[in-house]
Structures are given as C-alpha cells and as structure tokens.
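Topology and contacts: notes
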Amino acid sequence: MTENIGTVGVVGAGQMGAGIAHAAALSGYDVVLYDLSEERVAKGLSIAAKSFDRQVSSAKIGGAERDAALARIRTATDAGALSRADLVIEAATEDEAAKRKVYAAIAPSLKPGAILATNTSSISITRLAAATDRPERFLGIHFMNPVPVMKLVELVRGIATDDATFESAKRFVATLGKTVTVSEDFPAFIVNRILLPMINEAVYTLHEGVGSVESIDTAMRLGANHPMGPLQLADFIGLDTCLSIMQVLHDGLADSKYRPCPLLVKYVEAGWLGRKTGRGFYDYRGETPVPTR
C-alpha cells in the first residue's frame, strides 16, 4: 500500500470495476465497490470471487490469501460509503454523459483530499476533469481487460492534474505489481489508438469479403503471432465499446482513416455485442464459438 492511499473506491461493478477491486484488494487495500443496485454489486463481487478462485486453482495465490483479499471488498449502493476512500476509480460505461452524471452524484460524498480517477479507454481526461469539483486531483488510470491478468496500466494527466496526484497514482499502480506507461491526453491514448483501428480494419476486411471471420483471425494469430485474432478480440472487448472508441477517434482527430466500419455499426445495432450478449463475430450460444459470417 502507498502511504497516502489506504482505501480505494471503485464506481461501477461491471467486468472492469470488479477486476480493479480484485487487483486492489489482493494488494492489501480496503475496497468499496459501489454501484446503483444490489444486483449489480452482487454480480461484481461474484466476478471478483471467480477470478480469485482461478488464481487459487492455477497456484498463483493460496486459499488464505484469496479469503483475506475477498474480505477486504465491501459493496455499497449508497455513495456515502465512498467518503472514506483516498482514491476513487470510476469504471462506468464508456460514455461521456454517463461519466459526468456519476461525478455529480458522488462528489458530495468524497473527502476533499481524495483523488478521483477514471478508467476511460478513450475520452479526454481534461474534459472529464472539468466536469468534477477537483480537476487538479483527477487523472486517467486506464487498466487493461482482464485486469487481474494484464500487466499494463496507462496513466493520463489532464491539463490541470497536479504533480502530487500523478505521483500518488504512479506509486499506487506500482503496488499492484503492474507496469505504468504514460500517455498524453489524446483520443484513445496509446493502446487503443493503435489497437482499435487494427480491429476496425479487420472488420473492413470481412465487410469487403477479403476473408471470412475464421480466415482473418487465423491469419493474424499465425501470421502476426497475435494471441487471439482481431475479431475474436473485438467480441471479447465488446463491439459497442469498440464502436464508441472508433467514434471518439473519428470525432477527436477528424481523419477518415478512423471511420467506423459500417458492418461494425450494423452488429451493434443488432445488439450482437460479442461474448457478453452471446453473439458477435462468433456465436457463443453452443458449446464452441461458431463464426457468424
């Protein structure tokens, strides 16, 4: 733990929020996992518990370590529970209006010195900071998915972020056993600025009939040594998230090379968002995933 952060608040108990809670609790922090309903926080806690179990079964941690970490996570549906947090990480949906609403709702509960961070994968940190009551103590701490497995965290300062906040965040990430990469506050930062246009190009390759889902993914797995194909990865990330990041890139950089592929838009409009909805570029409803094109 760092000397000035003892309790971490996580806002949003989805896949990312649960993963961040897992990482913080395993590193000895007390965690408050907050969301709007009992159902959501219970689901988040269950995601964290399953990932602790996976670590136990692969002998990465012991049973006692898992039990102690799980006991450090408490759930809350009242924003008042965030009042004891020294660092609050917002992991709400990748939508600017939704995030602004979250900041307005939790601001009255936060202690004056608390750092507020966002796990956004693409939205301007400076713009989000301006919607808070503490732009100097606001920054981007962007974890990769799945958080318990991925070693990288992108740290992004807004124009107002002060040095003390940035240094505290850097120390915090180091205590989680993760590596920091520092990105300037440009649309989609480093990882998604490079990764998402590649995924979008893979969708164009499918859209134009250059290759099937299977041939595109096999080509990139075996031809570029990627651990998973770009369309399989898109399904894992969520096609709605992929689309929203491409829209941020297209709007923010005004370059036609970032135009979202119409086929990606069509899948999202159909509600085929990937693994989380059971269908995307693959159909996950059977025993093994089957390409949908």
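What you are looking at is a predicted structure, and each value in this text was computed from that prediction instead of being measured. (Residues numbered from 1 in each chain as written. Predicted model: local features only at pLDDT ≥ 70, side-chain atom pairs only at ≥ 80, totals over all residues. Heavy atoms only, no water.)

A few words on the layout of surface pockets. By volume, the second largest pocket is sized at about 180 Å³. Taken together, 14 residues line the second largest pocket, and the ones lying closest to its centre are Glu96, Ile123, Ser124, Arg127 and Val248. Considering every element that reaches the lining of the second largest pocket, the biggest residue donor is helix H10 (residues 239-253), with four residues. Residue composition of the lining of the second largest pocket, by class: four nonpolar, four polar and six charged. When residues of the lining of the second largest pocket are sorted by domain, at least three fall in each of domain 1 (7-184) and domain 2 (192-291). (1 Å grid on protein atoms, 1.4 Å probe; cavity = no way out; pocket = protein on both sides within 12 Å on 5 of 7 lines; lining within 4 Å. Points joined across faces, edges and corners; volume = space filled by probe spheres on them. Helix = DSSP H or I, 4+ residues; strand = E, 2+ residues; numbered from the N terminus. Nonpolar A, V, L, I, M, F, W, Y, C, P; charged D, E, K, R; others polar. Domains from an automatic or database assignment.)

A separate point is the nonpolar core. Ile141, Phe143 and Phe172 are the most contacted members of the largest nonpolar core, which totals 35 residues. With six residues, helix H1 (residues 15-26) is the single largest residue contributor to this core. Counting 26 residues, the second largest nonpolar core, distinct from the first, contains Met246, Cys261, Leu263 and Leu264. (Core = buried A, V, L, I, M, F, W, Y, C linked by side-chain atoms within 4.5 Å. Buried < 20%, exposed > 50% of the residue type's maximum accessible area, 1.4 Å probe, protein only.)

Glycine aside, a negative phi is what most residues show, and trans is what most peptide bonds show. Cis geometry is adopted by the peptide bond preceding Pro146, which originates at Asn145 and carries an omega value of -5°. Among the structural elements, Pro146 can be located in the loop between strand S6 (138-143) and strand S7 (152-157). Positive phi, close to 60°, is recorded for Ala59, a residue that is not glycine. Among the secondary structure elements, Ala59 is positioned in the loop between helix H2 (38-57) and helix H3 (63-71). The residue Asn225 is not glycine, and still its phi comes out positive at about 60°. Its location among the elements puts Asn225 in the loop between helix H8 (213-223) and helix H9 (230-237).

This paragraph deals with the UniProt feature "domain: 3-hydroxyacyl-CoA dehydrogenase NAD binding" (unreviewed entry) in the protein. The sites that UniProt annotates as "domain: 3-hydroxyacyl-CoA dehydrogenase NAD binding" (unreviewed entry) are residues 7-185. The span residues 7-185 carries 40% helix and 22% strand; its end-to-end C-alpha distance comes to 27 Å. (UniProt positions renumbered as here; feature names shortened; annotations may be inferred.)

This paragraph deals with the side chain of Thr161. By the element assignment, Thr161 lies in the loop between S7 and helix H6 (163-175). Once residues within four sequence positions are removed from consideration, Thr161 is found in contact with Pro135, Glu136, Phe138, Leu139 and Phe166. (Contact = heavy atoms within 4.5 Å.)

The next point concerns the pairing of strand S5 (residues 115-118). Burial of the side chains of S5 extends over both faces: Ile115 and Ala117 are buried on one face and Leu116 and Thr118 on the other. Pairing geometry for strand S4 (residues 87-90) and S5, over four bridges, is parallel. Among the inter-strand pairings, Val88 is bridged to a residue of S5, identified as Leu116. Summarising the sheet, S5 and S6 pair through three bridges and their orientation is parallel. In the strand pairing of S6, Thr118 is matched with Gly140. Read as a crossover between parallel neighbours, the route from S5 over helix H5 (residues 125-130) to S6 is right-handed. (Pairing = 2+ DSSP bridges. Right-handed = clockwise from strand over helix to strand, strands pointing away.)

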